[in-house]
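Here is how the chains run, residue by residue.
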Amino acid sequence: MNTLKIERDGGVVTVRLHRPHVRNALSGELLAELLDTLRPLDADPAVGCFVVTGSEPGFFAAGADIREMAGKTAVDMAAEDYFGAWEHFADLRTPKIAAVHGYALGGGCELAMMCDLVIAGESAVFGQPEITLGVIPGIGGTQRLTRLVGRAKAMDLVLTGRTMDAREAESCGLVSRVVPDDRVLAEALEAAASIASYGRTAVRAARECVDRALETGLRDGIRFERRVFHALFATDDQQEGMAAFLEKRAPRFTGH
């Protein structure tokens, strides 16, 4: 399989989607290669962050692979639990940054939303246009989009199939940062290197707490956060981080 290009620099792994002939449409083959590649890295204590981007400027991913789906029946889709395996990507515990150039539509928008940060170029375009094909988003689009941007904006995008530019996406909470197009990957790599430099246990705990905020009430979320905060005082990294602060030196985190 050769639907991805993988690069590693220290604790940062860059994953470039590489199906340029179909604008990086998300296929079963691409997903299988993505999971086969990232699962071992997710378990590697030396890996601190993934950056997902397109292999060429102009498009992140233009959607799911329509040719792969067009001939299937409802029975086929249900029997295969089509798209279900994408949740294995979402469940990877290593933080993920989407570095988006150009189009992130349909499955491409859903892939970006499965990441923890979205850094977009000024030319980036986001949308869930599945309604124009007679279907709806199927990789979490109606659920993640609503949680990120609210019901009104999600209804607008999902029911009309319209797209939004990077600035609108940032203003409604879909995008973390908008930067010049030629700075997208550099900005994502800088953020990834920063994340990878911190203690792996604390980073994963922080990520889990933020995600929990979308799934629980405020009081329960605060209790969960406090329990996790207390538990981190059993780690070497907590002792090292606070000692380094008091000693006015850079911390040396180990992930323990």
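Reading the values: the criteria
Residues numbered from 1 in each chain as written. Predicted model: local features only at pLDDT ≥ 70, side-chain atom pairs only at ≥ 80, totals over all residues. Heavy atoms only, no water. Helix = DSSP H or I, 4+ residues; strand = E, 2+ residues; numbered from the N terminus. Rg over C-alpha atoms; globule rule 2.2 N^0.38 Å. Areas by Shrake-Rupley, 256 points an atom, 1.4 Å probe, with all protein chains shown as cover. Lys, Arg positive; Asp, Glu negative; His and termini not counted. Charge placed at Lys NZ, Arg CZ, Asp CG, Glu CD. Phe/Tyr/Trp six-rings, centres within 6.5 Å; stacked < 30°, edge-to-face > 60°. Buried < 20%, exposed > 50% of the residue type's maximum accessible area, 1.4 Å probe, protein only. Lys NZ or Arg CZ within 6 Å of the ring centre and 35° of its normal. Pairing = 2+ DSSP bridges.

Looking at the overall build of the protein
Looking only at helices and strands, the protein features 12 helices and 10 strands. Taking 2.2 N^0.38 as the reference for a compact globule, 256 residues should give roughly 18 Å; the C-alpha atoms of the protein span a radius of gyration of 19 Å, in line with that estimate. Counting only C-alpha atoms and orienting by the principal axes, one finds that the protein spans roughly 60 × 40 × 40 Å. Carbon and sulfur atoms provide 55% of the accessible area of the protein, an area that totals close to 13,100 Å². One way to put it: in the protein the 29 positive side-chain charges average out to a point 5 Å from where the 36 negative ones average out.

Focus on the packing of aromatic side chains
Any two aromatic rings considered together are summarised by their centre-to-centre distance and by the angle between their planes. Inspection of every chain in the model, using the stated rule, returns three aromatic pairs. Relative to Phe-83, the ring of Tyr-82 has its centre 4.8 Å away and its plane inclined at 50°; by these criteria the two rings are tilted. Accessibility assignment for this pair places Tyr-82 and Phe-83 in one class, buried. Measuring from centroid to centroid gives 5.3 Å for Phe-229 and Phe-233, while their planes differ by 70°, and the two rings are edge-to-face. For Phe-229, a relative accessible area of 47% puts it in the partly exposed group. On the basis of relative accessibility, which here comes to 39%, the residue Phe-233 falls in the partly exposed class. The ring of Phe-89 has Lys-96 sitting right over it, with the charged end atom 5.3 Å from the ring centre. We note Arg-212 situated over the ring of Phe-224; from NZ or CZ to the ring centre the distance is 3.8 Å.

Overview of unusual backbone geometry
Positive phi is not limited to glycine here, since Arg-23 has a value of about 55°. In this structure, Arg-23 sits in the loop between strand 2 (12-17) and helix 1 (28-42). The backbone of Asn-24 shows a phi angle near 60°, a positive value even though the residue is not glycine. Residue position: Asn-24 is located in the loop between strand 2 and helix 1. Judged by relative accessible area, which is 0%, Asn-24 ranks as buried.

Describing the pairing of strand 5 (residues 96-100)
Of all five residues in strand 5, five are buried, a share of seventy percent or more. Side chains Lys-96, Ala-98 and Val-100 of strand 5 all project onto a buried face; the interleaved residues Ile-97 and Ala-99 project onto the opposite face, where all are buried too. Pairing geometry for strand 3 (residues 49-54) and strand 5, over four bridges, is parallel. Paired with Val-51 across the two strands is Ile-97, which belongs to strand 5.

Things to note about the pairing of strand 7 (residues 117-121)
The buried count for strand 7 comes to four of five residues, which makes it a mostly enclosed element. Examined bridge by bridge, strand 5 and strand 7 share four bridges and lie parallel to one another. In the sheet register, Val-100 faces strand 7, and the bridge partner there is Ala-120. With three bridges joining them, strand 7 and strand 10 (residues 177-179) adopt parallel strand pairing. Within strand 10, the position partnered with Ala-120 by the bridge is Val-178.

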